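Observations on chain architecture
Below, each chain spelled out in residue letters.
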Amino acid sequence: MNQNEQEKTNQAVGKQTIRFACPPAILSRASIVGDMEGQGPLASYFDQIEPDPAFGMDSWEEGESEMVRRAVQTAITKSGIAKENIRYIFGGDLLGQLIGSTFGLKDFQIPIFGLYGACSTCGEALSLAAMTVNAGYASHVIAVTSSHFGGAEKQFRFPLEYGNQRPLSATWTVTGSGAFVIGSKKDDDAPVSVRIKGVTTGKIVDYGVKDSFNMGACMAPAAADLIYQNLQDFDVKPTYYDRIITGDLGKIGRKILIDLLKDNGVDISRQHMDCGIEIFDNEEQDTHSGGSGCGCSAITLAGYILKQLREGSWKRVLFVPTGALLSTVSYNEGQNIPGIAHGVIIERE
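Described below are features of the structure shown in this document. Predicted, not measured: the structure shown is a model, and the values here were computed from it. (Residues numbered from 1 in each chain as written. Predicted model: local features only at pLDDT ≥ 70, side-chain atom pairs only at ≥ 80, totals over all residues. Heavy atoms only, no water.)

1. Structural notes on the overall build of the protein chain
- Counting its regular elements, the protein chain contains twelve helices and 17 strands.
- Counting the 349 residues in the protein chain, one finds 60% classified as buried.
- The contacts of the protein chain with a sequence gap of at least 6 include a subset with a gap of at least 24, amounting to 78%.
- By element, 47% of the accessible surface of the protein chain is carried by carbon and sulfur atoms, the whole surface being about 14600 Å². (Helix = DSSP H or I, 4+ residues; strand = E, 2+ residues; numbered from the N terminus. Buried < 20%, exposed > 50% of the residue type's maximum accessible area, 1.4 Å probe, protein only. Contact = heavy atoms within 4.5 Å. Areas by Shrake-Rupley, 256 points an atom, 1.4 Å probe, with all protein chains shown as cover.)

Dropping the structure here:
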């Protein structure tokens, strides 16, 4: 067996990573956001900004489903691929039984895998989509995630009408949906190809945090564990990546992440970026610690990050959406809030 054949056979790297022999391409992407996200510093990168928080529907939940529908339809249209040629959808959200996704996607009549990784779901969806394409089970698949501020607050915290005071550690759930068409061939019309070169699957990490208003503290240990393992599996330094991008740790979670990795001899402070910090202008919009939610990392990737890769500002990023694994039941029973993170290696060719 020659070296090329051996590399294609040995795709499992280290303890938790897969290096794809045939890296799938991100053929198109779409980002649909709410009005507040449209007032933030990344506004010009989004496909559609909707001023109506209900997206023309009768409830927050129906509005999220409409947002998902628009994101997937926009991504399909931009890809130029017929809907009938898309084999699977991998998608999920924060709502019970994934109703944001299921009601938004039911009319597409594409086979679907419903996913829940809390706010890390974008990384989970992209990982499974890329693995499916790389393995040859499909030539084109969709990864999509979403979140809605109103729906998330109603389910996990307090109805908006209650007007509760949020502590400074709290993050603001992003209203947004990001969708991606992943395929085995690059877009012939695109000047460059952006591919998913590998994935590092995260473990559940529990540091005993119980504060649902401090999501950054809940998720940072899982992000640190994932990033450290990715660097170990590839035997590389943080400088291997132009950016190491977490999903929604916010200001508090970012500090914890940096400190945890420094304790293990790894300094990512120069490479690190957090979608939850980038998505809002904290001085003008006062979101306290930053943004969060499945949609936070998804719309930042679809709108901003992939544009930087396509334009050549960056060549390689490690994209690490982060999730806090709680429900209203577990929280009210006094259980800890474990975290999880999933890593996706994205490169410009």
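2. Remarks on the environment of I268
- Looking at where I268 falls in the secondary structure, it is placed in the loop between α8 (250–263) and β12 (272–274).
- On the basis of relative accessibility, which here comes to 1%, the residue I268 falls in the buried class.
- Considered as a pair, I268 and L257 are eleven residues apart in the sequence and their alpha carbons are 9.1 Å apart.
- If we skip the residues at most four places from it in the chain, I268 touches I227, P238, I244, L257, I258 and L261.

3. Describing the pairing of strand β3 (residues 25–34)
- Burial within β3 is extensive, with ten of its ten residues counted as buried.
- Examined bridge by bridge, β3 and strand β9 (residues 176–183) share eight bridges and lie antiparallel to one another. For I32, the partnering residue across the bridge sits in β9 and is S177.
- By the bridge criterion, three bridges tie β3 to strand β4 (residues 48–50) in an arrangement that is parallel. Bridge assignment links V33 to a residue of β4, and that residue is I49. (Pairing = 2+ DSSP bridges.)

4. Concerning the environment of A135
- By secondary structure assignment, the location of A135 is in the loop between α5 (121–134) and β7 (140–147).
- What makes A135 partly exposed here is its relative accessible area of 43%.
- For A135 and F20, which are 115 residues apart along the polypeptide, the C-alpha to C-alpha distance reads 8.9 Å.

5. Description of helix α7 (residues 215–234)
- With 20 residues, α7 extends 29 Å between its outermost C-alpha atoms, agreeing within 8% with the 28 Å of an ideal straight helix rising 1.5 Å per residue.
- A large share of α7 lies buried, amounting to 17 of its 20 residues.
- Trailing α7 by a residue or two, D235 shows a phi angle of about 55 degrees, which is positive. (Expected span 1.5 Å × (residues − 1).)

6. Regarding the packing of α7 against α8
- For the pair α7 and α8, interaxial distance at closest approach is 8 Å and the crossing angle is 40 degrees. Taken as a pair, α7 and α8 cross one another with a handedness that is right-handed. Seen from α7, the contacting residues are G216, A217, A220, P221, A223, A224, I227 and Y228; seen from α8, they are G253, I256, L257, L260 and L261.
- The class makeup of the residues in the contact of α7 with α8 is eleven nonpolar, two polar and no charged. (Axes fitted to C-alpha atoms, helices over the stretch in contact; angles between N-to-C directions. Left-handed = near helix turned anticlockwise from the far one by under 90°. Nonpolar A, V, L, I, M, F, W, Y, C, P; charged D, E, K, R; others polar.)

7. Points about the nonpolar core
- Ranked by internal contacts, the top residues of the largest apolar core, which has 42 residues, are L126, F180, I182, I196, I305, F319 and I346.
- With nine residues, the single largest contributor to this core is helix α11 (residues 294–310).
- Not counting chain neighbours up to four residues away, the residues in contact with I305 comprise I245, M273, C275, T300, W314, V317 and F319.
- Counting 29 residues, the second-largest nonpolar core is a separate cluster that includes V13, A223, A324 and L326. (Core = buried A, V, L, I, M, F, W, Y, C linked by side-chain atoms within 4.5 Å.)

8. Some details on the side chain of S31
- Tracing the backbone through its elements, the reader meets S31 in strand β3.
- When its relative accessible area of 0% is taken as the criterion, S31 is described as buried.
- The residues contacting S31, other than those within four sequence positions of it, are Y45, F46, D47, Q48, S177, I299, A302 and G303.

9. Focus on the packing of aromatic side chains
- For the structure shown, the criterion picks out seven aromatic pairs.
- On the numbers, 5.9 Å between centres and 85 degrees between planes, the contact of Y304 with W314 is edge-to-face. Of this pair, Y304 sits in helix α11 while W314 sits in the loop between α11 and β14 (316–320), and the two are ten residues apart along the sequence. Neither Y304 nor W314 differs from the other in exposure class; each is buried.
- Three or more aromatic residues joined by ring pairs make a cluster, and in this case those are Y45, Y304 and W314.
- The ring of Y240 carries the charged tip of R316 above its face, separated from the ring centre by 4.0 Å. (Phe/Tyr/Trp six-rings, centres within 6.5 Å; stacked < 30°, edge-to-face > 60°. Lys NZ or Arg CZ within 6 Å of the ring centre and 35° of its normal.)

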